[in-house]
Amino acid sequence: MPETAPEGGTSGAEGTAGVERRLHPLTPLRRAWAPVAAVAGWAAHDPGQAHRWFSELTSATLMAGMAVIVPLVAGYALLSWWVTRFSVSDTELRIRSGVLFRRTAHIRLERLQAIDVGRPLPARLTGVAKLRLDVVGADAKDELAYLTVGDARALRAELLARAAGFTPEAAREVGEAPAVDLLRVPPGVLVRSMLLTAGTWVMPAAAVAVPALVWWIGGSVWTALATALPMAGAAGARTVGRFLGEYGWTVGESPDGLRVDRGLLDRAHETVPPGRVQAVRLVQPALWRRPDWVRVELDVAGSEDSLLVPVAPRRVAEAVVERVLPGVTVPARSALPGPPRRAAWCAPVRWRGYGLTVTDSVFAVRDGLLRRRVTLVPHAKVQSVRLTQAPWQRAAGVADLRVDTGANTTVTARLRDRGEAGRLLWEQAERSRTGRRLAPPDRWSTA
């Protein structure tokens, strides 16, 4: 977890720290645009007030203000870039920043959860990139923005190599590990999957139905339009944003984990770290059954990134899952037996969607009738296991079996026979202890 150290001190890693480096000279432009973006956002939020305020400004006042504000903003951005430096030692990445309040972040290499390369549209146009550092236990990601694309990839490779145990000299020579493509999502398939997702139509339908209801009740066209425009804009932004974010989705396999490249305007290069996936979900909306498509979601400890595959044929998605969880075969839905018939008293409709099976490697649960899900939890990732039983479940002789993972999520096998649940409770605890003892260490690899 990043720590803040006072300026002027010398830490134990000082002697092994590398040469301090600065970010790309274009970095000040990133900070210089913040005041402009703030003013633009305020003007868009309250255009009437913004128009009145700007109309009251005289040319002389405006020029005088610009003559003061522009140099101040530019000077602060340049000074912030000048004092921001980073260096890599045998054990940590150190980032020094801050103009008025100095801050030194010490990021331990063994605590790195993922190192992603991001290229927003302005960065792509100027040939630069940023590194996003996902650290175990940190609430927010640290960033190094911006570096040249080559420097960003080289630094990422060096950090991964050092985290894997290579010497500093060898780490620089290893370079970025090669990747082999596992799947690509064609744009046509992405569009069809969005059209076959109910959530794509909910906001547009509401944008039509709600203004129509407002018009019918109030009789005012302008009120209906004032209601429709924000809702239509939100629906369009959500749909377009999803398409732009998932366009060109590619999953590749490399020694340092699965790599995900995605995005049309803002291109992202992300890595699913090896050994830190706590659970995998295969999700199939109702309208995806005919083409037999699924999406793959992950629970990764310390990370908010959860999507691995936005849409793919089931057999392709299952092959990717088997790369994420080596030695695991995704069980067929029919191989996850459901609760006993008496469980229908507890959930008259939904009970048919529940199921459970336990293999040598995973705790597998299914749920959902329309939107089907199969969740896989490796035994080594189970942190605790619990049996819960509501009063109506006791009457029916069933219970819920819950397993907690290291990603602060709970996977529940619902409405199991009470005797079966009690037996699985102790068996799962033993499987988890054995799995943790035999699991390889969660370390990066570049070989």
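Further up the page is the structure itself.
Residues numbered from 1 in each chain as written. Predicted model: local features only at pLDDT ≥ 70, side-chain atom pairs only at ≥ 80, totals over all residues. Heavy atoms only, no water.

Right, let's talk about helix α10 (residues 314–324) for a bit. All of the buried residues in α10 are Ala317, Glu318, Val320, Val321 and Val324. Projected onto a plane normal to the axis of α10, the buried residues spread over an arc of 160° and lie on a single side. (Buried < 20%, exposed > 50% of the residue type's maximum accessible area, 1.4 Å probe, protein only. Helix = DSSP H or I, 4+ residues; strand = E, 2+ residues; numbered from the N terminus. Arc of directions from axis to C-beta.)

A sheet is described by the order of its strands in space; here three strands give the open sequence β18-β19-β20, paired in antiparallel fashion. Across the chains shown, the open sheet's two edge strands, defined by having one partner strand only, are β18 (382–388) and β20 (410–417). Between one strand axis and the next, the sheet turns by 20° as a mean value, whatever way the strands run. Where β18 lies against strand β19 (residues 398–405), six bridges are found, and the strand directions are antiparallel. Pairing of Thr388 across the sheet is with Asp400, part of β19. Where helix α12 (residues 418–438) meets the sheet, it contacts β18, β19 and β20, and its direction lies at approximately 170° from that of β18. (Pairing = 2+ DSSP bridges. Axes fitted to C-alpha atoms, helices over the stretch in contact; angles between N-to-C directions. Contact = heavy atoms within 4.5 Å.)

Right, let's get into the sheet that holds strand β12 (residues 277–284). Reading across the sheet, the six strands line up as β14-β13-β12-β17-β16-β15 and stay open at both edges, with antiparallel pairing between neighbours. Each having just a single partner strand, β14 (307–313) and β15 (355–358) make up the two edges of the open sheet. Direction aside, the axes of adjacent strands within the sheet are offset by 15° on average. Pairing of strand β13 (residues 293–300) with β14, which is carried by four bridges, proceeds in the antiparallel orientation. Its bridge partner lying in β14, Glu297 is registered against Leu307. The sheet contacts of α10 involve β12, β13, β14 and β17 (372–378), and relative to β14 the element is tilted by about 145°.

Moving on, we get to the packing of helix α8 (residues 198–218) against helix α9 (residues 221–246). For the pair α8 and α9, the least separation of the axes is 8 Å and the interaxial angle reads 175°. Here α9 runs roughly antiparallel to α8, going by the angle between their axes. From α8, Gly199, Thr200, Met203, Pro204, Ala206, Ala207, Val210, Pro211, Val214 and Trp215 reach across to α9, where they touch Val221, Thr223, Ala224, Thr227, Ala228, Met231, Ala232, Ala234, Ala235, Arg238, Thr239 and Arg242. In terms of residue class, the contact of α8 with α9 is built from 15 nonpolar, five polar and two charged. (Parallel < 35°, antiparallel > 145°, perpendicular 65-115°, else oblique. Nonpolar A, V, L, I, M, F, W, Y, C, P; charged D, E, K, R; others polar.)

Glancing now at the environment of Lys381. By the element assignment, Lys381 lies in the loop between β17 and β18. Lys381 sits in the buried class, given a relative accessible area of 15%. Here the alpha-carbon distance between Lys381 and Arg276, two residues 105 residues apart in the chain, equals 8.6 Å.

Axis separation between helix α7 (residues 187–195) and α9 bottoms out at 11 Å; the angle between their running directions is 150°. Relative to α9, the element α7 is oriented roughly antiparallel. Judged by the twist between their axes, the crossing of α7 over α9 is right-handed. On α9, the residues touching Leu190, Val191, Ser193 and Met194 of α7 are Thr239, Arg242, Phe243 and Glu246. (Left-handed = near helix turned anticlockwise from the far one by under 90°.)

Here we take up the nonpolar core. Grouped together as the largest cluster of nonpolar side chains are 34 residues, with contacts concentrated most on Val251, Val280, Leu298, Leu308 and Leu376. Broken down by secondary-structure element, the contributors of at least two residues to this core are α7, β10 (257–262), β12, β13, β14, α10, β16 (362–367) and β17. Beyond its immediate sequence surroundings of up to four residues, Val251 is in contact with Val180, Asp181, Leu182, Leu183, Leu258, Arg259, Val260, Leu308, Val309 and Val320. Core analysis: the next-biggest nonpolar cluster, separate from the first, contains 23 residues, Ile95, Ala105, Leu112 and Leu160 among them. (Core = buried A, V, L, I, M, F, W, Y, C linked by side-chain atoms within 4.5 Å.)

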